[in-house]
Amino acid sequence: MCGIVGYVGTQPVVDILLDGLQQLEYRGYDSSGIAISDNGEIKIYKAEGKLQNLKDTLKSHNDEIQNAQMGIGHIRWATHGAPTLINAHPHTCNCGRLALVHNGIIENFKELKAELEKEGCVFRSQTDTEVVAHLIASIYGKIKNLTEAVRLATLRLEGAYALCVMHKDYKDTLVVTKRNAPLIIGLGEGEHFVASDVPAIIKHTKRAVYLVDNQIATLTPKSIDIINSHGQNIEYKVEILPWEPVALSKMGYKHFMLKEIHEQPDVIRNILVGKLHTTSDPVVLNEVKLTRDTLKNLNRIQIIACGTSLHAAMIGKYIIETFCGISVDVEPSSEYIYRRTVTDEHTLVIGVSQSGETADTLTAIKQSKAKGSHILIITNRPDSAMAREADSLIPVSAGIEVSVAATKSYVAQVMSFYLLAIYMAEIKGSLDSTILKNLKNEMMIIPQKIEQILSHKEEIQRCAKEYANTKDFIYIARGINYPTALEGALKLKEISYINATGYPAGELKHGPIAMLDETMPVLSILMHGSVYEKLLSNSEEAKARNARLIALTNSNDKKLNDLFDYIIKVPEVHEYLSPIIAIIPLQLLAYYIAEFLGKDVDQPRNLAKSVTVE
Ligand code: F6R
């Protein structure tokens, strides 16, 4: 969603703010703005569209911005009000003496607005955020204490927020607070940083404080004071941030997405370290805090997630049911939270999220936790809000993923499910030992197989050129690769805006087949295994309707040459592990089509990396 940054110290602030916003651009990018304090004056600059537009705007104000050493910045992903200049943050009160930036949604903004209008506040934007600026300013007018005004204002706010506030009366003070939205404070020497996420500050410091919900921090260059919602002082813990700045560089790749696709072999190696030693040793998963007895007797699991993480969850269901014989339900978090769900202390609830901040998933796991379920979180962000709710936490350790379209975090989630399923199967004794050995052996060599695919990527690039001009795309698969079809289609639509849909191939004849003709490409995920022949028949049905057929396959079957117009070959792999191999060419296909069409691959329109609104 939106991203916020703040700085108070002795360096020129504008470059720090702009650089921080650039690192947060993955969170939203329809407008941006900064407010700086210069000799007691608050100056605000905003621009619509990409951050570059703000940078261009600031070029003509160089003289008036270069001395400022305190400021706040914002990159917006519109929720309330169109992405216009007037709705861009920072927002101010009537007199312009207070400015703030906000990430989140204020649910009771209409009531507050009506109340504040009666007091004489004049609203300029359609945002929920402006209400907060007026509210704090109104309270400040009465008590003349900024921290206290922020605290009292937050008692009136419903919804989610991370706020960074500055006031003309405070030349070197920022006040920040949060509830259900991420916010970190970076500690420097004689300076402090504020940001929605680590990338914005990691260049400057590795020491940080993760503000807890409802706490309010007052920052000057030399001090941090944190209070709780009752106004009591709080001891805070300084933590070391998990990333190196190099993770934020494209390292010579044209886009972060391409870099992240290429990182996948190492991501998998990294996940396996310490967990999978040899084919005969049991999987070690100390992160799972359920006792062996509980695991043995477990008979129900619910997995909740959104988007790409939901597809990883669907593969998780397939393998846990197959390996462990435990019934698993998978549901999009946004559906789970708005109905009466049946869960209790005998149910294991698994939340899957790359960002660990997705509002729907966070709410869902809080609901299940309240009902007594053990919460296991699979996330790439062990420092996230979801991780903090976890009873068991499996960090997928994919490293920071900058591109909005998830690639390496997905593969890491799927790999984590394999480890979890094998770990549980070994405790339950539910999987044949020869299969177990084979699987472990194949897991260890899967990184090399992905490298093989990556070294023949020109083949996929050629396919992308051939099919880039299509308006629609269908992906079909069966069994364990049905989620792969969904994920392949999602990747393509996200970054190329082509209308791509994944279907279980058996469903084709129940409706979608009506769409097939010579203009429709159908990509069949034809991996060796139990459903190979069935899928081949479904592909033939599509061919009979003149569809343009592409096979993604590990088969050397000669008859495929006659049936398919294009064949993408991948290495042989056990059926159970085939989703990890099959997704790689689909990520590349989506990437090359989008790149060929000249789309903004890393920052597709309307999307955000971390969806912190329900
Ligand atoms: C797609 C993508 C999204 C996310 C979804 C959930 O490439 O990244 O579909 O998977 O928004 O986000 P997380 O995994 O952070 O909960």
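Residues numbered from 1 in each chain as written. Predicted model: local features only at pLDDT ≥ 70, side-chain atom pairs only at ≥ 80, totals over all residues. Heavy atoms only, no water.

## Quick word on the packing of helix α5 (residues 129–143) against helix α6 (residues 146–156)
Cut-off, in case you're wondering: Angles here are taken between N-to-C directions and fall from 0 to 180 degrees, while the axes themselves are lines fitted to C-alpha atoms, restricted in helices to the stretch in contact. Secondary structure elements follow DSSP: runs of H or I no shorter than four residues count as helices, runs of E no shorter than two count as strands, and numbering proceeds from the N terminus. By definition in this entry, angles of less than 35 degrees are roughly parallel, angles greater than 145 are roughly antiparallel, angles of 65 to 115 are roughly perpendicular, and the rest are oblique. Working rule for handedness: look at the near helix, and if it is turned counterclockwise from the far one by less than a right angle, call the crossing left-handed; if clockwise, right-handed. Whether two residues are in contact is decided by their heavy atoms, any of which lying within 4.5 Å being enough.
At a minimum axis distance of 8 Å, the contact between α5 and α6 shows a crossing angle of 130°. Relative to α6, α5 is oriented oblique. Classified by chirality, the crossing of α6 by α5 is right-handed. On α6, the residues that touch L135, I136, I139, Y140 and I143 of α5 are L146, E148, A149, V150, L152, A153 and R156.

## Considering the packing of aromatic side chains
Rules: Each Phe, Tyr or Trp ring, with Trp reduced to its six-membered ring, pairs with another whose centre is within 6.5 Å; inter-plane angles below 30 degrees give stacked pairs, above 60 give edge-to-face pairs, and intermediate values give tilted ones. Exposed residues in this analysis have more than 50% of their type's maximum accessible area, buried residues have under 20%, and partly exposed residues fall in between, with area computed by a 1.4 Å probe over protein chains only. We count a charge as sitting over a ring when the NZ of a lysine or the CZ of an arginine lies within 6 Å of the ring centre and within 35 degrees of the ring normal.
Considering all chains together, one arrives at six aromatic pairs under this definition. With 5.4 Å between their ring centres and 35° between their planes, F473 and Y475 make a pair best called tilted. When its relative accessible area of 1% is taken as the criterion, F473 is described as buried. Classification of Y475 by relative accessible area gives buried; the value is 0%. An aromatic cluster is defined as three or more aromatic residues linked by ring pairs; in this entry it consists of Y467, F473 and Y475. Over the ring of Y210 we find R388; its NZ or CZ atom is 4.7 Å from the centre of that ring. The side chain of R605 reaches across the aromatic face of Y497, ending 3.8 Å from its centre.

## Quick notes on the domain arrangement of the chain
Filter applied, for reference: Each domain's limits were defined by an automated method or a database of domain assignments. What gets called buried area is simply the loss in accessible area from a 1.4 Å probe that two parts show on being joined, summed for both. What makes a salt bridge here is a side-chain nitrogen of Lys or Arg within 4 Å of a carboxyl oxygen of Asp or Glu, nothing more.
Considered domain by domain, the chain is made up of domain 1 (3–248), domain 2 (260–449) and domain 3 (458–596). Averaged C-alpha coordinates put domain 1 and domain 2 at centres separated by 35 Å. Summed over both sides, the interface between domain 1 and domain 2 buries roughly 990 Å², with carbon and sulfur atoms accounting for 59% of that surface. Broken down residue by residue, the surface that domain 1 buries against domain 2 is led by Y26, Y210 and W243, which jointly contribute 46%. The interface formed by domain 1 and domain 2 includes one salt bridge.

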